[in-house]
Amino acid sequence: MPCLPRCGRSSSLTTAKAAAIILAKELRLEFRTRELLTATVIFALVVVVLFSFAFDPTAAESRRYGPGLLWIAFLFAGSLMLNPSFAREQNNETLDALRMAPISSFAILLGKILANFIFMSLAELVLVPIFAVLYNLSLAGIVWRLILVLVLGTLGLTVTGTVFSAVSAHARMRELLLPLLVLPLLTPLLIAAVESTASLFAEQPALERTWLAFLAGFDIVFLTASWLLCDHLLAE
Amino acid sequence: MPASIGVSFHNVEKRFGSLAALRGVSLEIRAGEFVALLGPNGAGKTTLLRMAALLMNPTRGTVQFTNGPAVVSGRVRAQAIVLRPKQLIGLVGHSTLLYDELTAAENLTLFARLYALEKIADTVATALDDCGLATRAGSLVRTFSRGMRQRLAIARALLHRPSVMLLDEPAAGLDRHGLAWFSARLARLKADGCTVLMSTHARNESLDLATRAVALAGGRVDNDSGSAGDPRALLAALRTEQ
């Protein structure tokens, strides 16, 4: 029987390195199964298309209602995507294997937050241009500012959603529990995201700095809270 | 040889709501001991192993690792302290702790990277060869039989050469060939001075390697052959009971 080679034990990985390994694992799993992305994109697309045909909005109406609709589509898509984030670690109790590895709990959480952020961003990359076409809204001149709002809003959505996905993963009715826990918390974030997006789609596009600062603050607060509480969040 | 470390359970109690899974268990497992953990279903074997794996905190009492690079409490709160013994612990649990949608090689590579091992490709290739899955290195784990998954699960747990090996019914699903491989692997662990804590039924052939037998019942230590004692009498008695 061959002997295992001596594998030198180096010191533990840094949080960033460990999170990058978890992120790579999440991306590999998702791009192999396409479980989350396909369902999320199709679901959000159906919402956007259905409302477009139901209301047949004018440009002025689109500017008023479009941002809210867009973020509702993102929220529903996010709920669908974030729930399995930790739930699928239950299958073979792989979360135990991750928790046993000599890495910080925050690295596990951060890897998953980054993965969910990338998945949500990819879904948004497909949705936003289609939304602009269906609702007669021009993205010209506001693309970078819109990306900034989308990044800050999506980050808040994924941080909160991933954290609560970890909390609800052990629960029997986790599909019901996650939206119940997350939606009230996300309401201020959604208001800020909708207001920021609406100001960009206005006839005179402008970036509302107050709402933007609120989005950034929300992200910082929840990211810090997840860092402080990660051991408890992932504990059995 | 891996650093020899022992495990001490001091008056450990674990409650799940009103259910007491462990009721004041005290055990001093010396470095290099091979302990067979026996007992009926619900005796508390898995709970004890999960605490030793730092996956669960005791409701009362402490779990400590001794003679290693650090003596630490089983409380998982102090991350900086806990990280070091994590590198020294290996666990084969009820589940495989493997990702079905990753290949055998990808699973081992993932954990080799998380344990910051060196020469990852060589380590993974040797581990796959050792458990007889080298030809299936590129196959998704979901395509494996139960026995193949279990062999890979054992290979994963051994990948970082742990000093404390925790085994919860590790022979489940293994065929005759797999059992022979597993017994040989356990013998090598014992020879290397690894501390082994194995929960299994009394008829498991690997128990011949045990240097100590501990029987749990109702969350308490019911019988213990002791560190200096001979486990054979207790194992024989338990085999007769079954």
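Fair warning: this is a prediction, and the values are worked out from it, not measured in the lab.

**Observations regarding the overall build of chain B**
Helix and strand content of chain B: seven helices and 10 strands. Put simply, chain B has 242 residues, and 51% of those count as buried. Partitioning the intrachain contacts of chain B with sequence separation of at least 6 by distance along the chain shows that 68% fall at a separation of at least 24.

**Quick word on the sheet that holds strand β7 (residues 164-168) of chain B**
Residues and elements named next belong to chain B. Across the sheet, six strands lie side by side as β6-β7-β8-β3-β9-β10; this open sheet has mixed pairing. Single-partner strands in this sheet number two, and they are β6 (89-92) and β10 (220-224). In this sheet, adjacent strand axes meet at a mean angle of 20° when their direction is disregarded. Note: β6 against β7, four bridges, orientation parallel. Within the sheet, the bridge partner assigned to V92 lies in β7 and is L167. Set on the sheet, helix α1 (residues 45-52) makes contact with β3 (34-38), β7, β8 (195-199) and β9 (212-217); between it and β8 the angle comes to about 150°.

**Details of helix α5 (residues 146-158) of chain B**
Residues and elements named next belong to chain B. Here α5 is 13 residues long and its end C-alpha atoms lie 18 Å apart, about the 18 Å a rise of 1.5 Å per residue gives. Within α5, 11 of the 13 residues are buried, leaving the element largely enclosed by the surrounding structure. Along α5, the residues classified as buried are M148, R149, Q150, R151, L152, A153, I154, A155, R156, A157 and L158.

**Let's talk about the domain arrangement of chain B**
Residue and element names in this part refer to chain B. The domain architecture assigned to chain B consists of domain 1 (6-88 + 163-241) and domain 2 (98-161). Listed as interface residues are 10 residues of domain 1 and, on the opposing side, nine residues of domain 2. Class assignment of the residues belonging to the side of domain 1 that touches domain 2 gives a composition of five nonpolar, three polar and two charged.

**With respect to the interface of chain A and chain B**
Size of an interface: often given as the accessible area lost when the parts come together. Opposite the 32 residues of chain A that make contact, chain B presents 38 residues. Elements represented by at least two residues in the side of chain A that touches chain B include exactly α1 (15-33) and α4 (94-100) of chain A. With seven residues, the top contributor of residues to the side of chain A that touches chain B is α1(A). Taken together, the residues of the side of chain A that touches chain B break down into 15 nonpolar, eight polar and nine charged.

**Regarding the packing of helix α3 (residues 59-87) of chain A against helix α6 (residues 143-168) of chain A**
Residue and element names in this part refer to chain A. At their nearest, the axes of α3 and α6 sit 8 Å apart, and the two run at 40° to each other. As the angle between them shows, α3 and α6 are arranged oblique. Considering how the two elements wind past one another, α3 and α6 form a crossing that is right-handed. Across from F74, G78, L82, N83, S85 and F86 in α3, the residues of α6 making contact are L157, G161, T162, S165 and A166. Residues of the contact of α3 with α6, tallied by class, amount to five nonpolar, six polar and no charged.

**A look at the environment of A:T158**
Residues and elements named next belong to chain A. When you line up the elements, T158 lands in helix α6. We classify T158 as buried; it has 27 C-beta atoms within 10 Å. Considered as a pair, T158 and I108 are 50 residues apart in the sequence and their alpha carbons are 14 Å apart. Excluding residues within four positions of it along the chain, T158 makes contact with I113, N116, F117 and M120.

Definitions and cut-offs
Residues numbered from 1 in each chain as written. Chains lettered and ligands numbered in written order. Predicted model: local features only at pLDDT ≥ 70, side-chain atom pairs only at ≥ 80, totals over all residues. Helix = DSSP H or I, 4+ residues; strand = E, 2+ residues; numbered from the N terminus. Buried ≥ 20, exposed ≤ 12 C-beta atoms within 10 Å, placed from the backbone. Contact = placed C-beta atoms within 7 Å. Pairing = 2+ DSSP bridges. Axes fitted to C-alpha atoms, helices over the stretch in contact; angles between N-to-C directions. Expected span 1.5 Å × (residues − 1). Domains from an automatic or database assignment. Nonpolar A, V, L, I, M, F, W, Y, C, P; charged D, E, K, R; others polar. Parallel < 35°, antiparallel > 145°, perpendicular 65-115°, else oblique. Left-handed = near helix turned anticlockwise from the far one by under 90°.

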